[in-house]
Amino acid sequence: MVLTADATYEGEQLKLLARTVQPVDGVVADAGGSGLRIFIEEDVAIPAVAGLLDRARGEAKLKGRGPVSLCLLSPDLPGEVDVLLGEDFPVNPQIKGALKSLDGVLMVEEV
């Protein structure tokens, strides 16, 4: 929970008056500006990641959008290959957790 409060001194005593109380997930989502870097170690993860991001993009209630890039890790590649998806997607703890749970996704980091 995120609490917004006014603080005043009355005599020698500090008094707090709560103004708003919000779930931390909502505050983080409203902050926006962050993006995700998704580390993929197996090709089978790419369609699953694309499907999840497409479904998330279609949900109008989701706020907090940011850029998403894929970091492809494969012995067939000369090293890490980063692919920026070119548009903003919803970025929140639920999306991040869902991406982490997909087979072939090694890690998801906020950028």
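So, here is what we can say about the structure in this document. Just so you know, these numbers come straight off a predicted model, no measurement behind them.

**A look at the environment of Val-108**
Mapping Val-108 onto the fold places it in strand 6 (residues 105-110). Classification of Val-108 as buried rests on a relative accessible area of 5%. Non-local contacts of Val-108, meaning those with residues more than four positions away in its chain, are made with Leu-36, Arg-37, Ile-38, Lys-96, Leu-99 and Lys-100.

**Considerations on the sheet that holds strand 6**
Strand order in the open sheet formed by four strands is 5-4-3-6, with mixed pairing between adjacent strands. Across the chains shown, the open sheet's two edge strands, defined by having one partner strand only, are strand 5 (81-90) and strand 6. Between one strand axis and the next, the sheet turns through 20 degrees on average, direction left out of account. Pairing of strand 3 (residues 36-40) with strand 6 involves five bridges; the strand directions are antiparallel. For Ile-38, the partnering residue across the bridge sits in strand 6 and is Val-108. Where helix 2 (residues 45-58) meets the sheet, its contacts fall on strand 3, strand 4 (65-72), strand 5 and strand 6, and the angle it forms with strand 5 comes to roughly 20 degrees. Helix-sheet contacts for helix 3 (residues 93-100) involve strand 3, strand 5 and strand 6, and the interaxial angle to strand 6 is about 160 degrees.

**Details of the pairing of strand 4**
Where strand 3 and strand 4 come together, five bridges link them in parallel fashion. Looking at the pairing, Phe-39 lines up with Cys-71 of strand 4. Looking at chain direction, strand 4 and strand 5 are connected through seven bridges and run antiparallel. Within strand 5, the residue paired with Ser-69 across the bridge is Leu-84.

**Looking at the environment of Leu-53**
Examined against the element boundaries, Leu-53 turns out to sit in helix 2. On a C-alpha basis, the gap between Leu-53 and Pro-90 in space is 7.9 Å, while along the polypeptide they are 37 residues apart. Apart from residues lying up to four places away in sequence, Leu-53 is in contact with Val-68, Leu-85, Phe-89 and Leu-99.

**Considering the packing of helix 2 against helix 3**
Where helix 2 contacts helix 3, the axes come no closer than 10 Å and their chain directions differ by 160 degrees. By the angle between their directions, the pair helix 2 and helix 3 is classed as roughly antiparallel. Here helix 2 and helix 3 pass one another in a crossing that is right-handed. Contacts between helix 2 and helix 3 involve Val-49, Leu-52, Leu-53 and Ala-56 on the former and, on the latter, Ile-95, Ala-98 and Leu-99. When grouped by side-chain class, the residues that make up the contact of helix 2 with helix 3 number seven nonpolar, no polar and no charged.

Criteria and thresholds
Residues numbered from 1 in each chain as written. Predicted model: local features only at pLDDT ≥ 70, side-chain atom pairs only at ≥ 80, totals over all residues. Heavy atoms only, no water. Helix = DSSP H or I, 4+ residues; strand = E, 2+ residues; numbered from the N terminus. Buried < 20%, exposed > 50% of the residue type's maximum accessible area, 1.4 Å probe, protein only. Contact = heavy atoms within 4.5 Å. Pairing = 2+ DSSP bridges. Axes fitted to C-alpha atoms, helices over the stretch in contact; angles between N-to-C directions. Parallel < 35°, antiparallel > 145°, perpendicular 65-115°, else oblique. Left-handed = near helix turned anticlockwise from the far one by under 90°. Nonpolar A, V, L, I, M, F, W, Y, C, P; charged D, E, K, R; others polar.

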